[in-house]
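Examination of the molecular architecture
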Amino acid sequence: MSSLLPELIKEKKVLLIREIFDEYNIVDLSEIFSELELDEAIFIFKILPKDISAELFTYLDPLHQERLISALSSMEVKGILDNMFSDDIIDFLEEMPANVIKYILDNVPSEHRKEINTLLSYEENTAGSVMSTDFVELYEKDTVEEAIIKIKEQAEIAETVNVCFVIDQKRVLVGIVNLRDIIVAKNNKLISEIMDKNIHYVYTNTDQEEVARLLSKYDLTTICVLNDQNCLIGIVTADDVLDILNEEATEDIHKMSGIVPTDGSYLKTGIKEMVKSRISWLLILMISATFTGYILQYFEDKLSALAILSASIPIIMSTAGNAGAQSSTMVIRGIAVDDLNIKDIFIVLKKELAVGLLCGAILFVTNFIRLYIFGSKSTTFSISFVVSLTITISLISANLAGGILPLIAKKLKMDPASAAAPLITTIVDATSLIIYFMLAIAILKI
């Protein structure tokens, strides 16, 4: 039925269109909606109930949102905003240019405008910037009967009613209560008697990654957001956390690849923005690779003495580089999930040393057989031994570097993902070459 939507729009079948939006998933319909012409999109927004059109609007990409806002009247824009949750409004505004933000703020009631400006003032990627101010609040002296009435009154604007938040007269958070507990309790019972005082909460300046970690750790559907006076001012829900996790994962992947994080999908990111995101680390790594060049120049006469030494450099650097990337990825993951910090450095060192020794031993045997038995006739026992031993020692040192650098970065209040990967590449390359030539000089006497 939803596949017929474009045809029904052309024929202006209002009742059938409304039936489709009542019956089918709004996310799937938003994908079809994004392919409509502007006049068709505007027609849809005008015939749908305000709550459905507002929900549809939240699932559109920023480009289509901006296109619609520019075409709708101020009253229609107000109707959409009045039916959107505060966190969805902020997500939308953060993607809009300044002129669109001004237009929107000019067309909302003053109390709504104040709320939006407050949310926009919080630092990016904090609990304050992702929280919703639409929730059910109760007082500890409310009876169950009074609470049910309040829930019904607030349900239409609240993002969730499954969990209600209990405050005192000064708006200080004192507890939370599940809707189920309210329903099964006797009408004359006080909320203070059935509420849970063991509350998990964050502050407005708490990093959004920490918010996601707490929700995941304690298996929560919502978490309270407090200000400095411990007053309840917002909540973060599980659906917000999915967006946070996706955003943080994308950011870490970009940083670990030496890319400045960008917003939006690959297809919608412009070439100029891509160049700006990549060029800085490419320049830094190119300049830092000068150290590797100096090492090769210093040992140039040793390389000319045995051609096999030059041929083995790529495999040594590649193996060590991959090992360093593997260990840093595991530790960065540990920092995010297990809250690893500098105090755990000896545990990390011990573990990475053990892994390096075992992996190194396997690679030593495999590489020695590859060179000495299946290699060229000029590859002697000593050369096979030097190359294989270099791979083993380089792998161990790369594992240790990959394990330590993210912890040091965290201690220095730097992002472990952005600090570790590019630095490991440079350090491991230079270290591997030094180890290689030192062993070659000591064992091969060149």
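Residues numbered from 1 in each chain as written. Predicted model: local features only at pLDDT ≥ 70, side-chain atom pairs only at ≥ 80, totals over all residues. Heavy atoms only, no water.

Check the secondary structure of the chain and you find 23 helices and 6 strands. Counting only residues that meet the buried cut, the chain has 43% of its 446 residues in that class. For the chain, contacts bridging at least 24 residues in sequence account for 65% of all contacts bridging at least 6. Total accessible area on the chain is roughly 24300 Å²; 59% of this is exposed by carbon and sulfur atoms. (Helix = DSSP H or I, 4+ residues; strand = E, 2+ residues; numbered from the N terminus. Buried < 20%, exposed > 50% of the residue type's maximum accessible area, 1.4 Å probe, protein only. Contact = heavy atoms within 4.5 Å. Areas by Shrake-Rupley, 256 points an atom, 1.4 Å probe, with all protein chains shown as cover.)

We now examine the sheet that holds strand 4 (residues 201-203). Reading across the sheet, the 3 strands line up as 4-5-6 and stay open at both edges, with mixed pairing between neighbours. At either end of the open sheet lies a strand with only one pairing partner, and these are strand 4 and strand 6 (232-237). Across the sheet, the axes of successive neighbouring strands diverge by a mean angle of 35°, strand direction being ignored. Where helix 15 (residues 208-217) meets the sheet, it contacts strand 4, strand 5 (222-226) and strand 6, and its direction lies at approximately 140° from that of strand 5. (Pairing = 2+ DSSP bridges. Axes fitted to C-alpha atoms, helices over the stretch in contact; angles between N-to-C directions.)

Counting buried positions over the 6 residues of strand 6 gives 5, a clear majority of the element. If you look at the hairpin formed by strand 5 and strand 6, you'll find 5 residues sitting between the two strands, and N230 has a positive phi there, around 65°.

Moving on, we get to the packing of aromatic side chains. On inspection of all chains with the given rule, the structure shows 9 aromatic pairs. Centroid distance F368 to Y372: 5.5 Å. Interplanar angle 35°. Geometry classified as tilted. With F368 and Y372 both in helix 21 (residues 345-372) and 4 residues apart, this pair spans about one turn of that helix. Judged by its relative accessible area of 16%, F368 is buried. (Phe/Tyr/Trp six-rings, centres within 6.5 Å; stacked < 30°, edge-to-face > 60°.)

Every buried residue belonging to helix 6 (residues 62-71) is among H64, Q65, L68 and I69, and all of these are buried. Projected onto a plane normal to the axis of helix 6, the buried residues spread over an arc of 135° and lie on a single side. More than 90 degrees from the buried face of helix 6, the exposed residues found are L63 and S70. Buried residues in helix 6 make contact with helix 3 (26-33), helix 4 (38-47), helix 5 (50-58), helix 7 (74-82), helix 8 (86-93) and helix 9 (98-105). (Arc of directions from axis to C-beta.)

Here we come to the UniProt feature "transmembrane region" (unreviewed entry) in the chain. According to UniProt, the positions carrying the feature "transmembrane region" (unreviewed entry) are residues 279-299, 305-325, 353-373, 385-408 and 420-444. Within residues 353-373, the helical portion is 95% and the strand portion 0%, while the C-alpha atoms at the span's ends are 29 Å from each other. Across residues 385-408, helical content stands at 100% and strand content at 0%; the span's end C-alpha atoms are separated by 34 Å. (UniProt positions renumbered as here; feature names shortened; annotations may be inferred.)

Taken together, V365, I369, Y372, I373, F374 and F381 make up a surface patch of nonpolar side chains, about 640 Å² in accessible area. Top element by residues in the nonpolar patch is helix 21. It accounts for 3 residues. Its place among the elements puts V365 in helix 21. (Patch = residues over 30% accessible without salt bridge, like charges linked within 9 Å, V, L, I, M, F, W, Y side chains within 5 Å. Salt bridge = Lys/Arg side-chain N within 4 Å of Asp/Glu carboxyl O.)

Let us look at helix 21. Here helix 21 is 28 residues long and its end C-alpha atoms lie 38 Å apart, about the 40 Å a rise of 1.5 Å per residue gives. Of all the residues in helix 21, the buried ones are I345, V348, E352, G356, G360, N367, F368 and L371. (Expected span 1.5 Å × (residues − 1).)

Orientation of helix 4 relative to helix 6, taken along the N-to-C sense of each, is 75°, at an axis distance of 10 Å. What the angle tells us is that helix 4 and helix 6 run roughly perpendicular. Two secondary-structure elements touch here, helix 4 through L38, A41, I42 and F45 and helix 6 through R67, L68 and A71. Of the residues in the contact of helix 4 with helix 6, the class split is 6 nonpolar, no polar and 1 charged. (Parallel < 35°, antiparallel > 145°, perpendicular 65-115°, else oblique. Nonpolar A, V, L, I, M, F, W, Y, C, P; charged D, E, K, R; others polar.)

The next subject is the sheet that holds strand 1 (residues 137-139). Spatially, the 3 strands line up as an open sheet ordered 1-2-3, and their pairing is mixed. In this open sheet, the two strands that pair with only one neighbour each are strand 1 and strand 3 (173-178). Direction aside, the axes of adjacent strands within the sheet are offset by 35° on average. As defined by bridge partners, strand 2 (residues 163-167) adjoins strand 3 across 5 bridges and the pair is classed as antiparallel. Bridged to F165 within strand 3 is I176.

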